[in-house]
Amino acid sequence: MPLWLDLTIRVVAVMAGFLVLPLLVGQAEHKVMAHMQGRVGPMYAGAFHGWAQLVADGVKFVQKEDITPRDADRAVFRLAPIVALFPYLIVILTIPLGPGGLVAQSLDIGLFLVLAVLGIGVVAVLMSAWSSANKYSLLGGVRGAAQLLGYELPLVLAAASVAMAAGTLSLPGIVEAWQPWWLIWQGPAALVFFIAGLAEIRRPPFDMPIADSELVFGYMTEYTGLRFAFFLLAEYVGIIVIAGLTTVLFLGGWHGPFADQLGWLWTLLKIFALSFVIIWLRVSYPRLREDQLQRLCWLILVPVALAQLVLTAAVRTLL
Amino acid sequence: MSENGDRIAPGKGLLDGLAVTFKTMTRRSTTQQYPDVEPDLPPRSRGVIALLEENCTVCMLCARECPDWCIYIDSHKEEVVVPGAARARQRNVLDRFDIDFSLCMYCGICIEVCPFDALHWTPEFEYAETDVLSLLHDKDRLGEWMRTVPPPPAHDVLGEPSKEEATATRKAAGPGAATAAKTARPANVRATRPQSEPSPPEPGQ
C-alpha cells in the first residue's frame, strides 16, 4: 500500500471516529439519562426514538448568530474552542483499537504524548475564561484551572504506574503486556485514573468550572452557535478519550476472546461500557463543592496513586 | 459519605445512588405522550365548566359565590299564562351566561352551589386561546361543553343508599316505617340528580 493511501485511510478513519463516536455517546447520554430519571428523552427528531436529535442540534447551532462580546479579546476568544477540541483529536490518533498496528499513529512515547497533550485543556479553559470579559466566565475559568492542574497529578501518577508495570510508554506496548491479573494489581491506579480523568474533562460530579446553577455556564457563558458546539463536542470527545485511555491502560484494550479478529470490537465495547459508567455517574451524583473537589484530589487520589506506584515497583522487583 | 455519623460501610451511599438510577432505568418511564396519545384523566377531572341552560333558573347563586366574579348573568322576566290558573306566572329567561376562563380559578364552587344542576365539570381541557378575550365563553359555547360531561359515577355499593331510593323504600313500606331516610337531612337542601333524567352521553360521542 503506498504511503499516501495509508495515511489518507488512517486520517479519514480517525476523523470519522472523532465525529461519530461523540455523537453516539451524546445520544446515549440523552437516552440513558432520561430513562434513569423515568423519562423517555428525545422522541421526535428522526421519527424513531429521536435518533437524529444531535443532528438537529448541530443544525440549530450552525444557524445561531456567532456573537463575540464587545469587550472580549477577539482573537483569543475565537481560538479557544479549537484549542479545547484539538488536543483530543491528537489523543485519538494514538489510541490503539486492535492488535497488529490497528492504530492511526503508533508512537514509542505514546503515553507521554497523550498526557502532555491532555494538559493543553487548561490553556483552552483559561483562554476562554479570560478573553470573555465576563465575571462568571473568569470565576469558572479559575476554578477550572485549579481543578485541571490539581487532577493532572493523580492522572499522571496512575498512568506512570501502569507504564512502570508494562515497562514501556507505547500504548500498544502496554496493551500487549497487559495480563488479566493486572486488574487487581493496577486496580487502584485504574480507579484513580478514571476519576481524575472525569475531573479532567469536567464531567459531573466534577463540573465546578461550569456549575450552571451558580456560574451561568462557567467559562462557556459567552459562547454561542458553532463555537459553543465545539466546546460541547470537546466534552463528548473527552468522554471517548478518557474511556479509551482507561480501556487501553487498565482494562486490556483488545484482550478478549478471538482478540486477533475481534480485537477492535472488544476495545470499542470496553470504551462504550466506560462511557455508560461516565453517564451513569453524572445522573447519580450531585456536583462536588470546590473544597470537596480539592480535598478528594489531594487527600485521597494523590496518596492512593503514590501508594500504587510503590506497590507497582515492589511487585516488579519481586517478579 | 460518612459525615452524617452513621456507622455504615464507607461508599455505601455512593453505591446506593448508583443502584437507584440503574433500577429506574430498567423500569418503564412514566412519560405521557400527550399530543399523540390522549391522556387517561382521572374521574371528576376539572377541565372546563359546562352549562345546561334548561336547568338554569337565574337564581344568581353561582355568580354571587364565585370568588373571582368571573360569571356574568343577564336575564329578563317573562309572563307565562298557565291555563286554568288564576293569574299568569312569571319565569326568568336567561339572556346571557358568560364564564371568563381567564379569571376562573377552577374552584368548582359555582357547580357545588347550583341547586338545579345547571353547571357541570367536564374533563375537556384543550380550549387554550391565543387571545385572552376569547377565553370568555358565552352560553352557547358553555352549552356545547355539555356533550363532553361524563355520566355521574356509579353509586358506591357499600355506601348509604341514595335519597331517592331511601324515599321509595320508605313509601313502599308504608307510613310510619323507620328508615334512614327519615333521619337524613331534608331533601330540599341540595337536590340530587333525579333518576328519570337521561344521563348525558359519554364524552367524545
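Owing to the predicted nature of the structure, the values given are computational and were not obtained by experimental measurement.

1. Overview of the overall build of chain B
Right, on to step 1. When helices and strands are counted, chain B shows six helices and five strands.
Right, on to step 2. Seen in sequence order, chain B has helices and strands lined up from the N terminus as α-β-α-β-β-α-β-β-α-α-α.
Right, on to step 3. By residue count, 11% of the 205 residues in chain B fall in the buried class.
Right, on to step 4. Considering only contacts in chain B between residues 6 or more positions apart, those separated by 24 or more positions represent 68%.

2. Description of the overall build of chain A
Right, on to step 1. Counting its secondary structure elements, chain A contains 12 helices and zero strands.
Right, on to step 2. The helix and strand sequence of chain A, counted from the amino end, reads α-α-α-α-α-α-α-α-α-α-α-α.
Right, on to step 3. In summary, chain A has a C-alpha radius of gyration of 20 Å against a globular reference of 20 Å for 319 residues, a match within 12%.
Right, on to step 4. C-alpha extents for chain A along the principal axes are approximately 60 × 45 × 45 Å.
Right, on to step 5. Looking at chain A as a whole, 45% of its 319 residues are labelled buried.
Right, on to step 6. A sequence separation of at least 24 residues applies to 77% of the contacts in chain A between residues at least 6 apart.

3. Side note on the sheet that holds strand E5 (residues 136–137) of chain B
Adjacent strands of a sheet form backbone hydrogen bonds with each other and so pair up, either parallel or antiparallel.
All names here are of chain B.
Right, on to step 1. Strand order in this open sheet of three strands is E2-E3-E5, and the pairing throughout is antiparallel. Either end of the sheet is taken by a strand with one partner, and the two such strands are strand E2 (71–80) and E5.
Right, on to step 2. The pairing of strand E3 (residues 89–100) with E5 spans two bridges and is classified as antiparallel. What sits directly across from Ile99, in E5, is His137.

4. Considerations on the environment of A:Leu118
Residue and element names in this part refer to chain A.
Right, on to step 1. Note on placement: Leu118 falls in helix H4 (residues 110–118).
Right, on to step 2. Exposure remark for Leu118: the 25 C-beta atoms within 10 Å place this residue in the buried category.
Right, on to step 3. It is 24 Å that separates the C-alpha atoms of Leu118 and Asp212, two residues lying 94 residues apart in sequence.
Right, on to step 4. Once you skip the residues sitting within four places of it in the chain, Leu118 turns out to touch Pro87, Val91 and Glu200.

5. Some words on the interface of chain A and chain B
Right, on to step 1. At the interface, 11 residues of chain A touch eight residues of chain B.
Right, on to step 2. Residue assignment for the side of chain A that touches chain B shows that the elements contributing at least two residues are helix H1 (3–36) and helix H11 (259–284) of chain A.
Right, on to step 3. Broken down by class, the residue content of the side of chain A that touches chain B amounts to six nonpolar, four polar and one charged.

6. Here's the deal with the packing of helix H6 (residues 135–166) of chain A against helix H12 (residues 290–318) of chain A
All names here are of chain A.
Right, on to step 1. The N-to-C vectors of H6 and H12 enclose an angle of 15 degrees; their axes lie 9 Å apart at closest approach. Classified by the angle between their axes, H6 and H12 sit roughly parallel to one another. For the pair H6 and H12, the crossing hand works out as left-handed.

7. A look at the environment of B:Arg96
Residues and elements named next belong to chain B.
Right, on to step 1. Of note, Arg96 is situated in strand E3.
Right, on to step 2. Counting along the chain gives 18 residues from Arg96 to Cys114, while the straight-line C-alpha distance between them is 17 Å.
Right, on to step 3. Among residues more than four places away in sequence, those in contact with Arg96 are Tyr72, Ile73, Asp74 and Lys139.

8. Here's the deal with H1(A)
Right, on to step 1. Over its 34 residues, H1(A) runs 48 Å from end to end, which matches the ideal 50 Å to within 8%, given 1.5 Å per residue.
Right, on to step 2. Contact partners of the buried residues in H1(A): helix H2 (53–63), helix H3 (74–94), helix H10 (225–250) and H11 of chain A together with helix H1 (12–26) of chain B.

9. Observations concerning the pairing of strand E1 (residues 48–51) of chain B
All names here are of chain B.
Right, on to step 1. Burial along E1 is two-sided: Val48 and Ala50 facing one way and Ile49 and Leu51 facing the other are all buried.
Right, on to step 2. Sheet analysis places E1 next to strand E4 (residues 119–122), joined by four bridges and oriented antiparallel. Across the sheet, the residue bridging to Ala50 is His120, located in E4.

10. Structural notes on unusual backbone geometry
Right, on to step 1. A:Pro205 follows A:Pro204 through a cis peptide bond whose omega is 5 degrees.
Right, on to step 2. Looking at the secondary structure, you find A:Pro205 in the loop between helix H9 (187–200) and H10.
Right, on to step 3. The phi angle at A:Val216 is positive, at roughly 60 degrees, despite the residue not being glycine.
Right, on to step 4. Along the chain, A:Val216 turns up in the loop between H9 and H10.
Right, on to step 5. A positive phi angle is found at B:Val58, which is not glycine, with a value near 55 degrees.
Right, on to step 6. Mapping B:Val58 onto the fold places it in the loop between E1 and helix H2 (61–65).
Right, on to step 7. Exposure remark for B:Val58: the 18 C-beta atoms within 10 Å place this residue in the partly exposed category.

11. Let's talk about the confidence of the model for chain B
Right, on to step 1. A residue-level look at chain B finds 81% of positions with pLDDT of 70 or above and a mean pLDDT of 81.
Right, on to step 2. Overall, residues 185–199 of chain B carries pLDDT values under 50, and its contacts beyond four positions in sequence, including any with other chains, amount to 10 contacts.

12. Observations concerning the environment of B:Phe22
Residues and elements named next belong to chain B.
Right, on to step 1. Its place among the elements puts Phe22 in helix H1.
Right, on to step 2. Overall, the presence of 13 C-beta atoms within 10 Å leaves Phe22 in the partly exposed class.
Right, on to step 3. Here the alpha-carbon distance between Phe22 and Met146, two residues 124 residues apart in the chain, equals 47 Å.

13. Some thoughts on the packing of H9(A) against H12(A)
When two helices pack together, their arrangement is given by the angle between their axes and by how far apart the axes lie.
Residues and elements named next belong to chain A.
Right, on to step 1. Direction vectors running N to C along H9 and H12 enclose 145 degrees, while the axes themselves pass 9 Å from each other. Note on packing geometry: the crossing formed by H9 with H12 is left-handed. Residues Pro188, Ala189, Val192, Ile195 and Ala196 of H9 pack against Leu301, Val304, Ala305 and Gln308 of H12.
Right, on to step 2. The residue makeup of the contact of H9 with H12, split by class, is eight nonpolar, one polar and no charged.

Reading guide: rules and limits
- Residues numbered from 1 in each chain as written.
- Chains lettered and ligands numbered in written order.
- Predicted model: local features only at pLDDT ≥ 70, side-chain atom pairs only at ≥ 80, totals over all residues.
- Helix = DSSP H or I, 4+ residues; strand = E, 2+ residues; numbered from the N terminus.
- Buried ≥ 20, exposed ≤ 12 C-beta atoms within 10 Å, placed from the backbone.
- Contact = placed C-beta atoms within 7 Å.
- Rg over C-alpha atoms; globule rule 2.2 N^0.38 Å.
- Pairing = 2+ DSSP bridges.
- Nonpolar A, V, L, I, M, F, W, Y, C, P; charged D, E, K, R; others polar.
- Axes fitted to C-alpha atoms, helices over the stretch in contact; angles between N-to-C directions.
- Parallel < 35°, antiparallel > 145°, perpendicular 65-115°, else oblique.
- Left-handed = near helix turned anticlockwise from the far one by under 90°.
- Expected span 1.5 Å × (residues − 1).
- pLDDT = per-residue confidence, 0-100.

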